[in-house]
Amino acid sequence: MNNIVAIVGRPNVGKSTFFNRLIKRREAIVDSVSGVTRDRNYGKSEWNGKEFSVIDTGGYIKGSDDIFEGEIRRQVELAIDEADAIIFVVDVEEGITPMDAEVAKLLRKVTKPILLAVNKVDNAMREKDAVEFYNLGLGEYFTIASISGSGTGELLDELVRVLPELPEATEEENPLPRFCVVGRPNAGKSSFINALIGEDRFVVTDIAGTTRDSIDTTYNRFGFEFNLVDTAGIRRKAKVKEDLEFYSVMRSVRAIEHSDVCILLIDATRGFEGQDQSIFWLAEKNRKGVIILVNKWDLIEKDTMSTRDYEAKIRRELEPFTDVPILFVSALTKQRLLKALEETVKVFENRKQRIPTSKFNDYMLKLIEAYPPPALKGKYVKIKYCMQLPTPTPQFVFFANLPQYVKEPYKRFLENKIRENWDFSGVPIDIYIREK
């Protein structure tokens, strides 16, 4: 579990530039995975060996100026609720605006660590101008220039110092699978959970999670024992009524980081929308197992083809990661709930499976010999050995003489062949090509 840091402030003060600077450190090392841009407002960053998740509230605002005030206010309130630390960005060129004062008023009531970052300070004159931000009543400020990165080091040193210490994750003997139910508001998550657990609630123990409202409850249903990570978005219909991507993402981040398999519920009457997709890519990016349940299937006018067409439509949206179980359920009539749970347990098993290296080499090397990577600039790539890495999620490494010439499409080809031969349904796979 990571600490969550939220960046707040009014539009155009340079929050996103600052956010990009924070996550650049990591993004530069990780492969440019397809589908990263879809959730540009959430990323992971680390400083001095401490890792934290960053949420940029700026990228989510849509609408004209007069809606802004209320929007920003709501986002700040949500950030105050959910985050462990808050970075409040203001702009030295414009000084204190009424909107800044408004945000500061909200932040002054909070006990969580708040860092005031005065942005666009790139010369000595502006250092002097920054003094006026003491008037916000938030104490010391940090002067930064997020475009050039000056001053961000001091700010991050302080941030890492004030982040709460998280309890060390203890390794249990064969831990129970953890499932979380995510989805946008009103997709039927609560009714799904109630139907799954039965009204009389088969609660065995209550282990309080590390966050205020992700509580792990151990259930035993249909002979499966599992932990259900109950998330904020499920438990409380807070002040948030709007159907905004921001809220569902913010609420899901914690749950997703905390679980093994994400059960993504979508509303059959509304289809697979942008918001569902961003939650899906969030789970994929965190390398969690995913299963998609199309809920409220009893409300749809059906004919012989409807499930097939609906499924095909969803898979088109998911490309290139299409190997995901999709089930049509109804929480109300309890239709196919047992099947859904079985599939979820299966995805969990798939995520843990290990392929013996000898078997893996036998199958893959024959295949690579028949379909070698395309030659580039007259150079031929030879792959002589491959194996599965001992990581918590499936990762495979192929040793080649010229790894830099193996491009994305060939990696996808390898992944598809692995999926054809072994069941990795619902689990993201990483393929690495290294020099032997």
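These numbers come from a predicted model, not from an experiment. (Residues numbered from 1 in each chain as written. Predicted model: local features only at pLDDT ≥ 70, side-chain atom pairs only at ≥ 80, totals over all residues. Heavy atoms only, no water.)

### Observations regarding the overall build of the chain
Per the secondary structure count, the chain includes 13 helices and 16 strands. For the chain, with 436 residues in total, the buried portion stands at 52%. Across the chain, the fraction of contacts at a sequence separation of at least 24, relative to all contacts at a separation of at least 6, is 73%. Summed over all atoms, the accessible surface of the chain reaches about 20,600 Å², with 52% contributed by carbon and sulfur. (Helix = DSSP H or I, 4+ residues; strand = E, 2+ residues; numbered from the N terminus. Buried < 20%, exposed > 50% of the residue type's maximum accessible area, 1.4 Å probe, protein only. Contact = heavy atoms within 4.5 Å. Areas by Shrake-Rupley, 256 points an atom, 1.4 Å probe, with all protein chains shown as cover.)

### Some words on the environment of Ser-259
Of note, Ser-259 is situated in the loop between helix 8 (245-257) and strand 11 (261-267). Among the residues examined, Ser-259 registers a relative accessible area of 2% and is labelled buried. Sequence separation between Ser-259 and Val-181 is 78 residues; the distance between their C-alpha atoms is 9.6 Å. Residues contacting Ser-259, with those up to four places away along its chain left out, are Arg-178, Phe-179, Cys-180, Val-229 and Lys-288.

### Focus on the confidence of the model for the chain
Taken residue by residue, the chain gives an average pLDDT of 80. The fraction at 70 or more is 80%. Within the model, pLDDT remains below 50 along residues 26-39, and this stretch shows 20 contacts once partners closer than five positions in the same chain are excluded. (pLDDT = per-residue confidence, 0-100.)

### Concerning the nonpolar core
Among the nonpolar cores identified, the biggest contains 54 residues, and Phe-88, Leu-107, Phe-280, Ile-292, Val-294 and Ile-314 are the most heavily contacted of them. With five residues, the top contributor of residues to this core is helix 9 (residues 274-285). Core analysis: the next-biggest nonpolar cluster, separate from the first, contains 25 residues, Tyr-219, Leu-341, Val-347 and Val-427 among them. (Core = buried A, V, L, I, M, F, W, Y, C linked by side-chain atoms within 4.5 Å.)

### Some details on the pattern of salt bridges
The full count for this structure, using the stated rule, is 18 salt bridges. Notably, a salt bridge pairs Lys-44 with Glu-257, separated by 3.8 Å at the nearest N-O pair. You can see Lys-44 sitting in strand 2 (residues 42-47) and its partner Glu-257 sitting in helix 8, a full 213 residues away along the chain. Using a relative accessible area of 23% as the deciding quantity, one classes Lys-44 as partly exposed. Here Asp-260 makes a salt bridge to Arg-351, at a shortest N to O gap of 3.4 Å. Remark: Arg-351 occurs in helix 11 (residues 337-352) and Asp-260 occurs in the loop between helix 8 and strand 11; sequence separation between them is 91 residues. (Salt bridge = Lys/Arg side-chain N within 4 Å of Asp/Glu carboxyl O.)

### Here we look at unusual backbone geometry
The omega angle of the peptide bond from Glu-319 to Pro-320 is 5°, so this bond is cis rather than trans. When you line up the elements, Pro-320 lands in the loop between helix 10 (306-318) and strand 13 (326-328). Of note, Lys-120 is a non-glycine position whose phi angle comes to about 70°, a positive value. Among the structural elements, Lys-120 can be located in the loop between strand 5 (114-119) and helix 4 (124-129). One non-glycine residue, Arg-287, adopts positive backbone phi at about 60°. Among the secondary structure elements, Arg-287 is positioned in the loop between helix 9 and strand 12 (289-295).

### A look at helix 3 (residues 98-108)
Three or more residues of helix 3 are buried, namely Met-99, Asp-100, Val-103, Ala-104, Leu-106 and Leu-107. Looking straight down helix 3, one finds its buried side chains confined to an arc of 160°; they lie on one side. (Arc of directions from axis to C-beta.)

### Looking at the sheet that holds strand 1 (residues 3-8)
On the basis of which strands lie adjacent, the open sheet formed by six strands has the order 2-3-1-4-5-6 and mixed pairing. With partners counted over all chains shown, the strands left at the sheet margins are strand 2 and strand 6 (141-143), one partner each. Neighbour-to-neighbour, the strand axes of the sheet open up by a mean angle of 30°, direction not taken into account. Sheet analysis places strand 4 (residues 85-91) next to strand 5, joined by six bridges and oriented parallel. Residue pairing for strand 5: Val-90 is matched across the bridge by Val-118. (Pairing = 2+ DSSP bridges. Axes fitted to C-alpha atoms, helices over the stretch in contact; angles between N-to-C directions.)

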